[in-house]
Amino acid sequence: MIGAEYITAFVTLFVIIDPIGLAPVFIALTLGESHRARLRIAFRALIIAAVLLTLFGIFGDKILAGIGISMPAFRIAGGVLLFLTALDMLFERRTKRREAQGEEHEADPETDPSVFPLATPLLAGPGAMATMILLAGREGGDWLHVVAIIAMMLLVLGCVLVMFLLATPIERALGRTGTMVVTRLLGMLLAALAIQFILDGLHGAGLMGGVPTG
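Residues numbered from 1 in each chain as written. Predicted model: local features only at pLDDT ≥ 70, side-chain atom pairs only at ≥ 80, totals over all residues. Heavy atoms only, no water.

Per an unreviewed UniProt entry, the protein chain is named UPF0056 membrane protein, and its organism is Thioclava electrotropha. Taken directly from UniProt, the Sequence similarities (unreviewed entry) text for the protein chain runs: "Belongs to the UPF0056 (MarC) family." According to UniProt, the comment filed for the protein chain under the heading Subcellular location (unreviewed entry) is "Cell membrane". (UniProt positions renumbered as here; feature names shortened; annotations may be inferred.)

This is the structure:
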């Protein structure tokens, strides 16, 4: 039977990664893509996110400390990059590039969102990475505990995959106009999330009256 602490770990990661909230974002970022291309993007993003979160669960604090990067700095950098993606969504630059390239965009790495922003920072963002470090660090870093935490993370990513697979039916139900409206709305929300990442980073660095962390 799964212990209460691992159920708590699952719920914590589920709330932070937010599979339900990511579904419409996935639709917006893959607007105009074929179902096959969406599957490829989804699997690539999830595999990369799983690898990143696993590495941070095992070696996270050592990785950042080893290269001299604090978690606040990591949050600020992720926020800035995410804000640029939000601008693309708001002004339909990503969609226009895809339409101009036609079928060729499926192989174009410039319009492939699987690594950025899907894998990171939306799936394996500063919050999820920090959570993996904190959760895996409990119980004195016992290996069985770390493996159980990684299993909970993979279970959450499985929930994300289910939501991504529903993207095409959801897009069909919304229609082109509905999807464009959702894309603009999510661009605004993504911009707000990016600003929140930056503010959290500034607060964590002690630049907004907080106590410096990481």
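Draft legend 1. Structural view of the overall build of the protein chain. Tallying secondary structure elements over the protein chain gives nine helices and zero strands in all. When its helices and strands are written in sequence order, the protein chain yields α-α-α-α-α-α-α-α-α. Every one of the 214 residues in the protein chain was classed for burial, and the buried ones make up 45%. Long-range contacts, defined here as pairs at least 24 residues apart, represent 80% of the contacts in the protein chain between residues at least 6 apart. (Helix = DSSP H or I, 4+ residues; strand = E, 2+ residues; numbered from the N terminus. Buried < 20%, exposed > 50% of the residue type's maximum accessible area, 1.4 Å probe, protein only. Contact = heavy atoms within 4.5 Å.)

Draft legend 2. Structural view of unusual backbone geometry. The omega torsion of the bond from Phe 116 to Pro 117 falls at 10°, within 30 degrees of zero and hence cis. By secondary structure assignment, the location of Pro 117 is in helix α6 (residues 114-123). In this structure, the amide linkage connecting Thr 120 to the following residue, Pro 121, adopts the cis form with an omega of 15°. Tracing the chain through its elements places Pro 121 in helix α6. For Asp 18, which is not glycine, the phi torsion reads 60° and is therefore positive. Along the chain, Asp 18 falls in the loop between α1 (4-17) and α2 (19-29).

Draft legend 3. Quick look at the environment of Ala 45. In this fold, Ala 45 is placed in helix α3 (residues 35-66). Residue Ala 45 is classed as buried on the basis of its relative accessible area, which comes to 0%. C-alpha separation for the pair Ala 45 and Ala 119, spaced 74 residues apart in sequence, amounts to 4.5 Å. Discounting chain neighbours no more than four positions away, the residues touching Ala 45 are Ser 114, Leu 118, Ala 119 and Leu 123.

Draft legend 4. How the structure looks around the nonpolar core. Ranked by size, the top nonpolar core spans 52 residues in total, and within it Ile 17, Leu 53, Leu 118, Leu 122, Leu 123 and Leu 157 carry the most contacts. Listed by contribution, the elements that provide at least two residues to this core are α1, α2, α3, α4 (71-90), α6, α7 (126-136), α8 (143-165) and α9 (167-204). When residues in this core are grouped by element, the largest group, 11 residues, is from α8. When near neighbours in sequence (up to four residues on either side) are disregarded, Leu 123 contacts Ile 17, Leu 22, Ala 45, Leu 46, Ala 49, Leu 53, Leu 118, Ala 128, Leu 157 and Val 160. (Core = buried A, V, L, I, M, F, W, Y, C linked by side-chain atoms within 4.5 Å.)

Draft legend 5. Broad picture of α7. Most of α7 sits out of view: nine of its 11 residues are buried. In this structure, the buried residues of α7 make contact with α1, α3, α4, α6, α8 and α9.

Draft legend 6. Layout of the layout of surface pockets. Within this model, the largest pocket holds a volume of roughly 290 Å³. Around the largest pocket sit 18 residues that line it, and Ile 16, Ile 17, Leu 22, Leu 122 and Leu 193 are the ones nearest its centre. When contributions to the lining of the largest pocket are tallied by element, the ones reaching two or more residues are α1, α2, α6, α7 and α9. A per-element tally of the lining of the largest pocket places α9 first, with five residues. When grouped by side-chain class, the residues that make up the lining of the largest pocket number 14 nonpolar, three polar and one charged. (1 Å grid on protein atoms, 1.4 Å probe; cavity = no way out; pocket = protein on both sides within 12 Å on 5 of 7 lines; lining within 4 Å. Points joined across faces, edges and corners; volume = space filled by probe spheres on them. Nonpolar A, V, L, I, M, F, W, Y, C, P; charged D, E, K, R; others polar.)

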